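# Observations on the three-dimensional arrangement
Given next are the chains, with one letter for each unit.
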Amino acid sequence: MAAIRAQEHSRPDRLFADPYAQHFLDASGDAIFAAGTQTAASTPELFTLMADQVAVRTRFLDDALTSAARAGTPQTVLLACGMDARAFRLDWPPATALFEVDFADTLAYRAAVLSAHDITATCRRTEVPTDLRENWPTALCAAGFDPNLPTAWLMEGILYALTSHAADLLLERVTANSAPGSTLALDHQEDSALLRSARAALSKELVDIWHGGPSEDLNSWLARYGWQPEVHALEEVTTTHGRPVPPPFDPQRPDTGRSWLAIGRLPS
Ligand SMILES: C[S@@+](CC[C@H](N)C(=O)[O-])C[C@H]1O[C@@H](n2cnc3c(N)ncnc32)[C@H](O)[C@@H]1O
């Protein structure tokens, strides 16, 4: 994800700025990412196939989270944040409390990379090292999260990796900790032969990561938990930004799945 975000950052027509993504690539020591070595031929096919989906989803989710914060939502939770740099690169109302949830070692790696650079958060940022399969709301509350205040939640790039049961459990816990007026921003995608073979070319782990996520469409899944859904097909949003429909999610092709960007809202 960091590689694709770094690539997007370097485009003159970029949809978002993420100057920090390259730091993660540099720190990885992986030859694929060495500065100046990337050519069209050496770029993994997966990165090329996913580039516009990641660009458009990042922008969509950036806008959803910052709009909620500017409209007065006091806290934001990035679930499974990985190398997400939103706490540093977006223009937050300074009082926004932003919680970053991931495994302890992932957060430690990210902190070590960022500490080598002079980077400060533009909000009140708190890391929450925990395992999302366990009782993570307790860890979140212990870190200062207040379930009685409206929250803007982010589930980016994670639903497809969950079983339908795990996705249900995640949304159940998010909902149980969401005060009226909360927002949930997410993306979701289906698998396809095209994506599977591009993942296989990088690693077996990336093939096995896919579990499919919610067993029903996003509109009914969100509504079942009380969220008012706003669901966009990816191709609708890419077109708005003047980007091509990414091949793995192009409904005109026979070998593809679909991808969606969504916002759920709990009435105030
Ligand atoms: C595909 S990445 C998505 C990262 C980020 N949202 C993005 O789009 O760049 C998945 C992230 O989920 C985290 N993750 C996976 N399983 C987890 C779990 N059980 N508890 C906490 N974090 C987990 C991983 O450490 C990784 O950072």
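Look a little higher up for the structure.
Presented here is an overview of the structure given in this document. These numbers were taken from a predicted model, which means no experiment stands behind them. (Residues numbered from 1 in each chain as written. Predicted model: local features only at pLDDT ≥ 70, side-chain atom pairs only at ≥ 80, totals over all residues. Heavy atoms only, no water.)

Here the structure, examined in full by the defined rule, presents 26 salt bridges. Of the charged contacts, one joins E127 and R110 as a salt bridge, the two residues approaching to 4.0 Å between their closest N and O atoms. In this pair, E127 sits in strand β3 (residues 124-129) while R110 sits in helix α5 (residues 104-115), placing the two residues 17 residues apart along the sequence. (Salt bridge = Lys/Arg side-chain N within 4 Å of Asp/Glu carboxyl O. Helix = DSSP H or I, 4+ residues; strand = E, 2+ residues; numbered from the N terminus.)

Looking now at the sheet that holds strand β6 (residues 228-233). As summarised here, the arrangement of the seven strands in space is β3-β2-β1-β4-β5-β7-β6, forming an open sheet in which the pairing is mixed. Single-partner strands in this sheet number two, and they are β3 and β6. Averaged over neighbouring strand pairs, the angle between their axes works out to 15 degrees when direction is ignored. Direction of pairing for β6 relative to strand β7 (residues 259-265): antiparallel, over a ladder of six bridges. (Pairing = 2+ DSSP bridges. Axes fitted to C-alpha atoms, helices over the stretch in contact; angles between N-to-C directions.)

Most often, soluble globular proteins keep nonpolar side chains buried together rather than apart. Formed by 51 residues in total, the largest nonpolar core has its most connected members in M50, L65, F88 and W92. Here this core gets 14 residues from one element, more than from any other, and that element is helix α3 (residues 45-70). Residues contacting M50, with those up to four places away along its chain left out, are I4, Q189, L195 and F249. L159, L170, V174 and W221 belong to the second-largest nonpolar core, a separate cluster that totals 26 residues. (Core = buried A, V, L, I, M, F, W, Y, C linked by side-chain atoms within 4.5 Å. Buried < 20%, exposed > 50% of the residue type's maximum accessible area, 1.4 Å probe, protein only. Contact = heavy atoms within 4.5 Å.)

Looking now at the site of the ligand. The immediate surroundings of the ligand are formed by 16 residues, with A80, D102, D131, L132 and E156 found nearest. Backbone polar atom of G82 to an oxygen atom of the ligand: 3.5 Å apart, as the coordinates give it. Within the backbone of L132, a nitrogen or oxygen atom sits 2.8 Å from a nitrogen atom of the ligand. For the ligand, the accessible surface in isolation is 600 Å², of which the surrounding protein chains cover 79%. Residues belonging to the shell around the ligand are distributed by class as follows: six nonpolar, four polar and six charged. (Near = heavy atom within 4 Å. Polar contact = N/O pair within 3.5 Å; in protein donor to acceptor, adjacent residues only side chain to side chain. Areas by Shrake-Rupley, 256 points an atom, 1.4 Å probe, with all protein chains shown as cover. Nonpolar A, V, L, I, M, F, W, Y, C, P; charged D, E, K, R; others polar.)

Function cannot be inferred from these measures alone, as they are strictly geometric.
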